[in-house]
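# Observations on the model geometry
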Amino acid sequence: MKKYLFIISHPDDEIVGCCIILKRLLLKGHKVHVFFVTNGILSQDSLWFWEKNKYKTKLTLRKKEATESLMTLGIRDFYFQNISTRTLKSNIENTYEKIKNIIKTEKIGTLFCPAYEGGHQDHDVANFICSKFKRICDVYEYSEYNYFNKSINCNTFPRKIGKHIKLKLSEKEIKFKEKCLQIYKSEKRNLNYIKINEESYRKIVDYDYTIPPHKGVVFYRRFKLFSWHPRVDSDSPEKICERIKKSKIYEKL
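Definitions and cut-offs
- Residues numbered from 1 in each chain as written.
- Predicted model: local features only at pLDDT ≥ 70, side-chain atom pairs only at ≥ 80, totals over all residues.
- Heavy atoms only, no water.
- Helix = DSSP H or I, 4+ residues; strand = E, 2+ residues; numbered from the N terminus.
- Rg over C-alpha atoms; globule rule 2.2 N^0.38 Å.
- Buried < 20%, exposed > 50% of the residue type's maximum accessible area, 1.4 Å probe, protein only.
- Contact = heavy atoms within 4.5 Å.
- Areas by Shrake-Rupley, 256 points an atom, 1.4 Å probe, with all protein chains shown as cover.
- Lys, Arg positive; Asp, Glu negative; His and termini not counted.
- Charge placed at Lys NZ, Arg CZ, Asp CG, Glu CD.
- Core = buried A, V, L, I, M, F, W, Y, C linked by side-chain atoms within 4.5 Å.
- Patch = residues over 30% accessible without salt bridge, like charges linked within 9 Å, V, L, I, M, F, W, Y side chains within 5 Å.
- Salt bridge = Lys/Arg side-chain N within 4 Å of Asp/Glu carboxyl O.
- Pairing = 2+ DSSP bridges.
- Axes fitted to C-alpha atoms, helices over the stretch in contact; angles between N-to-C directions.
- Arc of directions from axis to C-beta.
- Phe/Tyr/Trp six-rings, centres within 6.5 Å; stacked < 30°, edge-to-face > 60°.

## Here we look at the overall build of the protein
- Of regular secondary structure, the protein possesses 7 helices and 9 strands.
- For 253 residues, the compact-globule estimate of 2.2 N^0.38 gives 18 Å, and the C-alpha radius of gyration of the protein, at 17 Å, lies within 12% of that figure.
- Taken along its principal axes, the extent of the C-alpha atoms in the protein is 50 × 40 × 35 Å.
- Put simply, the protein has 253 residues, and 55% of those count as buried.
- Across the protein, every contact between residues at least 6 apart in sequence was considered, and the portion connecting residues at least 24 apart equals 79%.
- Carbon and sulfur atoms provide 51% of the accessible area of the protein, an area that totals close to 12,900 Å².
- Distance between charge centres in the protein, computed from 50 positive and 30 negative side chains, equals 1 Å.

Given below as structure tokens:
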């Protein structure tokens, strides 16, 4: 039995990016741990003023959906970091220490994380953090979505670097993933672009985190003209790169 730790940026990413990867490992009898590094909810200050009083309700619902998702997958061992979406860049050092402790305590041999592909700033920051563990365990990255060449691409890497594993989903697996996606009713509007045909992963690439994941507009900035809207991320990829470079673990081998 091998022990795996999956770093999940937000509750729902365990389905979008690695639902079948997880399920196949579990079916083989391996031990799988999941760490949600954010709660997936915008901070109360970032919500419209008429929605600020709904923050606790939103958070409770998202946690409930995450619990149901893990039960459906068959995962019992998980960790939950209660910080808002888009704030992982301000919690790099603490998150690194928490992951390091889980790896040591649970004797994790393989770490999975989101790819550095511009899908979401929290995905990219999580990838950077996990890149620092290559010396103590195997680190793989899974693709979720990106906007490479101005097109929405699901579960496929924007740049084919190195050897990647592509899982072609069976009809049974497609139905299972559809069922799991439906658990996240709170994210229905944000999941309507997801395609359910394949999943991809590879050994984490040696990225240059001082530059954006790819040229052109990244996925989370494709509606940048509406940055005043809470659902649109106002942070540029250059700002995320700058924060990564300033982190205390940037030079860590």
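Moving on, there is more to tell.
## A closer look at the nonpolar core
- Counting residues in each nonpolar core, the largest one holds 36 residues, and the members touching the most others are Phe-6, Ile-21, Phe-112 and Tyr-142.
- Sorting the residues of this core by element identifies strand E1 (3–8), helix H1 (13–16), helix H2 (19–27), strand E2 (31–36), helix H3 (55–73), strand E5 (138–142) and helix H6 (171–181) as the ones contributing at least two each.
- By residue number, the principal contributor to this core is H2, which donates 5 residues.
- Apart from residues lying up to four places away in sequence, Phe-112 is in contact with Tyr-4, Leu-5, Phe-6, Ile-7, Ile-21, Tyr-140, Tyr-142 and Tyr-201.
- Grouped together as the second largest cluster of nonpolar side chains are 33 residues, Cys-113, Ala-126, Cys-137 and Val-139 included.

## So, a nonpolar patch on the surface
- On the surface, Phe-223, Leu-225, Phe-226 and Trp-228 cluster together into a nonpolar patch covering about 530 Å² of accessible area.
- Residue placement: Phe-223 occurs in the loop between strand E9 (198–203) and helix H7 (237–246).

## Focus on the pattern of salt bridges
- Applying the stated criterion across every chain yields a total of 12 salt bridges.
- Residue Lys-89 pairs with Asp-235 through a salt bridge whose shortest N-O separation is 3.0 Å. Here Lys-89 is found in the loop between strand E3 (77–80) and helix H4 (92–106), whereas its partner Asp-235 is found in the loop between E9 and H7, with 146 residues between them in sequence. Comparing Lys-89 with Asp-235, the two get one shared label, buried.
- Where Lys-134 meets Asp-206, a salt bridge forms, and the shortest distance between an N and an O atom there is 2.3 Å. Here Lys-134 is found in the loop between helix H5 (121–131) and E5, whereas its partner Asp-206 is found in the loop between E9 and H7, with 72 residues between them in sequence.
- Overall, the relative accessible area of 35% leaves Lys-134 in the partly exposed class.

## Observations concerning the sheet that holds E3
- Pairing is mixed in the open sheet, where 7 strands are placed in the order E3-E2-E1-E4-E5-E9-E8. Every interior strand has two partners, whereas the edge strands, E3 and strand E8 (164–168), have only one. Neighbour-to-neighbour, the strand axes of this sheet turn through a mean angle of 20°, independent of strand direction.
- Contacts from H5 reach E1, strand E4 (110–114) and E5 within the one sheet, and its direction differs from that of E4 by about 155°.

## What about unusual backbone geometry?
- If you check the backbone angles, Asp-12 has positive phi at about 125° while not being a glycine.
- Assessed through its relative accessible area of 6%, Asp-12 is described here as buried.
- Positive phi, close to 60°, is recorded for Lys-150, a residue that is not glycine.
- Exposure remark for Lys-150: the relative accessible area of 67% places this residue in the exposed category.

## Concerning the side chain of Gln-121
- Relative to the elements of secondary structure, Gln-121 occurs in helix H5.
- For Gln-121, a relative accessible area of 0% puts it in the buried group.
- Once you skip the residues sitting within four places of it in the chain, Gln-121 turns out to touch Arg-86, Lys-89, Tyr-220, Asp-233, Asp-235 and Ile-240.

## Side note on H6
- Taken together, the buried positions of H6 are Glu-173, Ile-174, Phe-176, Lys-177, Cys-180 and Leu-181. Axial view of H6: buried residues confined to an arc of 165°, hence all on one face. Turned more than 90 degrees from where H6 packs its buried face, Glu-171, Lys-172, Lys-175 and Lys-179 sit exposed.
- Packing partners of the buried residues in H6 comprise H1, H2, H3, E8 and E9.

## Comments concerning the packing of aromatic side chains
- A complete count under the given rule lists 20 aromatic pairs for this structure.
- Arranged with centres 5.2 Å apart and planes meeting at 10°, the rings of Trp-48 and Trp-50 form a pair that is stacked.
- For Trp-48, a relative accessible area of 26% corresponds to the partly exposed category.
- When the ring of Phe-226 is compared with that of Trp-228, the centres are 6.2 Å apart and the planes differ by 70°; the resulting orientation is edge-to-face.

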